[in-house]
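Residue-level structure breakdown
Residue strings, one per chain:
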Amino acid sequence: QVQLVESGGGLVQPGGSLRLSCVASGSIFRIYAMGWYRQAPGKQRDLVAGISSGGITNYADSVKGRFTISRDNAKNTVYLQMNSLKPEDTAVYYCNADLVPAGLIRPKNYWGQGVQVTVSS
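About the cut-offs
Residues numbered from 1 in each chain as written. Predicted model: local features only at pLDDT ≥ 70, side-chain atom pairs only at ≥ 80, totals over all residues. Heavy atoms only, no water. Helix = DSSP H or I, 4+ residues; strand = E, 2+ residues; numbered from the N terminus. Contact = heavy atoms within 4.5 Å. Polar contact = N/O pair within 3.5 Å; in protein donor to acceptor, adjacent residues only side chain to side chain. Disulfide = S-S within 2.5 Å. Buried < 20%, exposed > 50% of the residue type's maximum accessible area, 1.4 Å probe, protein only. Core = buried A, V, L, I, M, F, W, Y, C linked by side-chain atoms within 4.5 Å. Pairing = 2+ DSSP bridges. Axes fitted to C-alpha atoms, helices over the stretch in contact; angles between N-to-C directions. Phe/Tyr/Trp six-rings, centres within 6.5 Å; stacked < 30°, edge-to-face > 60°. Lys NZ or Arg CZ within 6 Å of the ring centre and 35° of its normal.

1. Digging into the environment of T77
With respect to the element layout, T77 can be found in strand β8 (residues 77-82). In sequence terms T77 and N109 are 32 residues apart; their C-alpha atoms lie 15 Å from each other. Residue contacts for T77: discarding those within four places in its chain leaves C22, V23, S70, R71 and D72. Side-chain polar atoms of T77 contact the backbone oxygen of K75, separated by 2.8 Å.

Structure, rendered in structure tokens:
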């Protein structure tokens, strides 16, 4: 069974840094795009950053220059380095991936369970 498992969230002061990790586990044939989304209370879930299988990245305007997404294809892992954190970055962060489970042909979309990031003094 394929799962996405996030880690690295927590409480940090404004201006601080956190690094989120997401591992895709299970029998996987191939992973395409991976990304991070976030959802604050009472708001919709929005894309934070995405990365293609070839390493092409895109970011929400609100995090450009502060967040960096990367991936290690050998480890089926995507990372989100978050620097200069602001209180408005507080949200539950979700990992997302398009991947082909072993034994299947077409990709399916998967979500992680989410990890809380709180930026507060």
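2. Focus: the state of the cysteines
One pass over the full model with this rule turns up one disulfide. One disulfide bridge connects C22 with C95, the sulfur atoms lying 2.1 Å from each other. Measuring handedness by torsion sign, the sulfur bridge of C22 and C95 sits at about -80 degrees and is left-handed. Placement of C22 in strand β3 (residues 18-25) and of C95 in strand β9 (residues 91-101) is noted, with a sequence separation of 73 residues between them. Judged by its relative accessible area of 0%, C95 falls in the buried class.

3. Observations regarding the environment of A49
Along the chain, A49 turns up in strand β5 (residues 46-51). Sequence separation between A49 and V63 is 14 residues, and the spatial gap between their C-alpha atoms is 8.4 Å. Other than its neighbours up to four places away in sequence, A49 contacts G35, W36, N58, Y59, I69 and L80.

4. Side note on the nonpolar core
If you look at the biggest cluster of nonpolar residues, it comprises 32 residues, and the most contacted ones within it are W36, L80, M82, Y93 and L99. Elements with a minimum of two residues in this core: β3, β4 (28-39), β5, β7 (67-72), β8, β9 and β11 (115-119). A total of five residues in this core trace back to one element, the largest contributor, which is β9.

5. Concerning the sheet that holds β3
Sheet strands associate in pairs through backbone hydrogen bonding, adopting either a parallel or an antiparallel arrangement. Taken in spatial order, the four strands of this open sheet run β1-β3-β8-β7, and their pairing is antiparallel. Of all strands in the sheet, those bounded by a partner on one side alone are β1 (3-7) and β7. On average, adjacent strands in this sheet sit at an angle of 15 degrees to one another, irrespective of strand direction. The pairing of β7 with β8 spans six bridges and is antiparallel. For R71, the partnering residue across the bridge sits in β8 and is V78.

6. Let's talk about the packing of aromatic side chains
Following the criterion strictly, the structure yields two aromatic pairs and no others. Relative to W111, the ring of Y37 has its centre 4.9 Å away and its plane inclined at 65 degrees; by these criteria the two rings are edge-to-face. Here Y37 is found in strand β4, whereas its partner W111 is found in strand β10 (residues 108-111), with 74 residues between them in sequence. Judged by its relative accessible area of 23%, Y37 falls in the partly exposed class. A centroid spacing of 6.4 Å and a plane angle of 85 degrees characterise the contact between Y94 and W111, whose relative ring orientation is edge-to-face. In this pair, Y94 sits in strand β9 while W111 sits in strand β10, placing the two residues 17 residues apart along the sequence. Under the relative-accessibility criterion, Y94 is labelled buried at 13%. Members of the aromatic cluster, connected to one another through ring pairs, are Y37, Y94 and W111. Positioned above the aromatic ring of W111, the side-chain terminus of R45 is 4.6 Å from the ring centre.

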